[in-house]
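Understanding the architecture of this molecule
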Amino acid sequence: MDISEKLDIQTLKQPLENFWDLSAQKIRLIRDEYDPSQGSPVFTVEGKYTTRGWTEWTQGFQFGSEIIQFDATDEEEFLEWGREATVQKMAPHITHIGVHDHGFNNVSTYGALRRLLSEGRFEAEDWEQEFYELALKSTGAVQAARWTETADGGGFIYSFNGPHSLFVDTIRTVRALALSYRLGHLLYGEHDQQISLLERLVEHARSTAQYSVYYGEGRDAYDIRGRTVHEAVFNTNDGQFRCPNSQQGYSPFTTWTRGLSWAMCGFAEQLEFLEEVDKQDLEPVGGYAEVQEMMLKAAQATCDFYIEHTSLDGIPYWDTGAPLLHKLGDYTEKPADPYNEYEPVDSSAAAIGGQGLLRLGHYLKEQGREDSGEQYWQAGLAVTRTLLDEPYLSTSEDHQGLLLHSVYHRPNGWDHIPEGQNIPCGESSMWGDYHMRELALYVTRVLSDDPYYTFFNGIKKSD
């Protein structure tokens, strides 16, 4: 990546104003044109959102985008749309026992509304805050109940594939457990066993750091520092780790870049959350120093890998080991080409990873590590600058998507390939659009000198 020390966040002010205008137009377009009876919108085909049955993991991104739009612009129609949809349509996601996505659907809706209430951004009766809090308490406990114990005494929240499966994605969804813990909630198990949601969060993060992230320490023949594996597979009879695997990447021994970005962003924001945790609550899981070291090691390794293995302008291809990527030559020495003949880029990975870079950079600077923090911060700004312009920003009035060149599931062939192209390009995804809005909100609030944006803003620990 080209990381310029001279890139000033102030230069993003006008592009962000243009972005929020486009974002509003896209939200209205989906409201006017999308048929909700077909299910949650997942990705676009020829510019129109369609659905794809796998799991219901994108509906919270749709309504969460409306809430983010209000957060950034104070346009009340988007707040009312998001509030109404959350109350009327999101309840099944709270008690969804079949997925690992609670931190996506419910923190993006109930959590965002509770955060805005705490910031005094809108008025509501007491019941509404209590309603959001009950939803957040419940969703964290439901997600934490999807638990597999490992042979080393730890454990993880297992994916929709079943109890053998640890997905790297889930590190970004454990914020559901974080909020539930902050609200004073516990998970009750058999015989009224009290289970700490904070401890489960930390143990899941530790398992992800150990089995999903590589550190160049000789774990296997493909152990490159910072690369990630989408799925870690365990023997459920004895909890032993068996092998890496990949669902949406090219192979278990290459790096699916959206999985990499989930780790970058997830570990970075959990480091921020860790600073708000009562240190005594961390003693049963090794103490603050050990937990912080584990998370920081994973965050830095993954962010370093992204910087080293991404195109000059900060946009990654969908997998660093994609079979035809070699035909592009040294793609890290030139800007990404979303219209090339061989392998697609994934802009959604850039939006997620860009936020991870900024959060890690800010965290390190707050910790007094100015030099290393500045590198990640400037890298995050570089990614953001690229995404706020064409060919990644969707400017067509007819295209429902906001962020172009997102990829969902390349191995399954789910992504649309336009006529005249050899690879998927020119389309959007609901998670890509949402995370682009999250990234833009993060930078917008920094520029406006608003309270620093975290998912746990305003939620104090309750006993």
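Attention in this report is confined to the structure presented alongside it. All figures in this text were calculated on a predicted structure; none of them were measured in a lab.

**Points about the packing of helix 10 (residues 257-274) against helix 12 (residues 347-366)**
Taken N-terminus to C-terminus, the directions of helix 10 and helix 12 make an angle of 30 degrees; their axes are 8 Å apart at the nearest point. On the basis of the axis angle, helix 10 is roughly parallel to helix 12. As for how helix 10 packs across helix 12, the hand of that crossing is left-handed. Each of Thr257, Arg258, Ser261, Trp262, Met264, Cys265, Ala268, Glu269, Leu271 and Glu272 in helix 10 lies in contact with helix 12, whose residues at this interface are Ser348, Ala349, Ile352, Gly353, Gln355, Gly356, Leu357, Arg359, Leu360, His362 and Tyr363. Of the residues that constitute the contact of helix 10 with helix 12, the class distribution is 10 nonpolar, 7 polar and 4 charged.

**Looking at the pairing of strand 8 (residues 231-234)**
Taking every second residue as pointing to the same face, both faces of strand 8 are buried, with Glu231 and Val233 on one and Ala232 and Phe234 on the other. Where strand 5 (residues 165-167) and strand 8 come together, 3 bridges link them in antiparallel fashion. When the bridges of strand 8 are listed, Leu166 appears paired with Ala232. Across 4 bridges, strand 8 lies against strand 9 (residues 241-245) in antiparallel orientation. Across the sheet, the residue bridging to Glu231 is Asn245, located in strand 9.

**Remarks on the packing of aromatic side chains**
Taken as a whole and judged by the stated rule, the model has 28 aromatic pairs. A ring pair is formed by Trp57 and Phe104, whose centres lie 5.8 Å apart and whose planes are at 55 degrees; its orientation type is tilted. Separated by 47 residues along the polypeptide, Trp57 in the loop between strand 2 (48-50) and helix 2 (59-73) and Phe104 in helix 5 (residues 102-105) bring together distant segments of the chain. Pair check on accessibility: Trp57 and Phe104 agree, each one buried. On the basis of an interplanar angle of 85 degrees and a centroid distance of 6.3 Å, the ring pair of Tyr181 and Phe273 is categorised as edge-to-face. One end of the pair, Tyr181, is in helix 8 (residues 175-182); the other, Phe273, is in helix 10, and 92 residues separate them in sequence. For the pair Tyr181 and Phe273, one class covers both residues: buried. Grouped by ring-pair contacts, the aromatic residues Phe43, Trp57, Phe61, Phe104, Trp262, Tyr408, Trp414, Trp431 and Tyr434 constitute a single cluster. The ring of Tyr288 has Lys279 lying over it, and the distance from NZ or CZ to the ring centre is 4.9 Å. Above the ring of Tyr453, the side-chain terminus of Arg359 is found at 5.3 Å from the ring centroid.

Calculation rules
- Every chain begins its residue count from 1, and numbering advances along the sequence as written.
- Local features in this predicted model are restricted to residues of pLDDT 70 or higher, and side-chain atom pairs are both shown and tallied only at a pLDDT of 80 or more, whereas totals for entire chains, interfaces and linings draw on every residue.
- The basis for every side-chain value is the complete set of non-hydrogen atoms in the structure, without hydrogens or water.
- Angles shown run from 0 to 180 degrees and are taken between the N-to-C directions of axes, each axis being a line fitted to C-alpha atoms and, for helices, limited to the stretch in contact.
- Helix and strand definitions here come from DSSP, where helices need a minimum of 4 consecutive H or I residues and strands a minimum of 2 consecutive E residues; each element is numbered from the N-terminal end.
- Roughly parallel means an angle under 35 degrees; roughly antiparallel means over 145; roughly perpendicular covers 65 to 115; every other angle is labelled oblique.
- Working rule for handedness: look at the near helix, and if it is turned counterclockwise from the far one by less than a right angle, call the crossing left-handed; if clockwise, right-handed.
- Note on definitions: a residue-residue contact is assigned when non-hydrogen atoms from the two residues lie within 4.5 Å.
- Side-chain classes follow a simple rule in which Ala, Val, Leu, Ile, Met, Phe, Trp, Tyr, Cys and Pro form the nonpolar group, Asp, Glu, Lys and Arg form the charged group, and the remainder, Gly included, forms the polar group.
- Think of it in three bands: residues with accessible area under 20% of the maximum for their type are buried, residues over 50% are exposed, and the middle band is partly exposed, with areas taken using a 1.4 Å probe on protein chains only.
- Any two strands are treated as partners once DSSP identifies two or more bridges connecting them.
- In summary, the pairing rule links any two rings of Phe, Tyr or Trp, Trp by its six-membered ring, whose centres are within 6.5 Å, and it sorts them by plane angle into stacked for under 30 degrees, edge-to-face for over 60 and tilted for everything else.
- Charges are assigned to positions over rings by a cutoff of 6 Å between ring centre and Lys NZ or Arg CZ, combined with an angular limit of 35 degrees from the ring normal.

Scope: geometric values only; no functional claims are made or implied.
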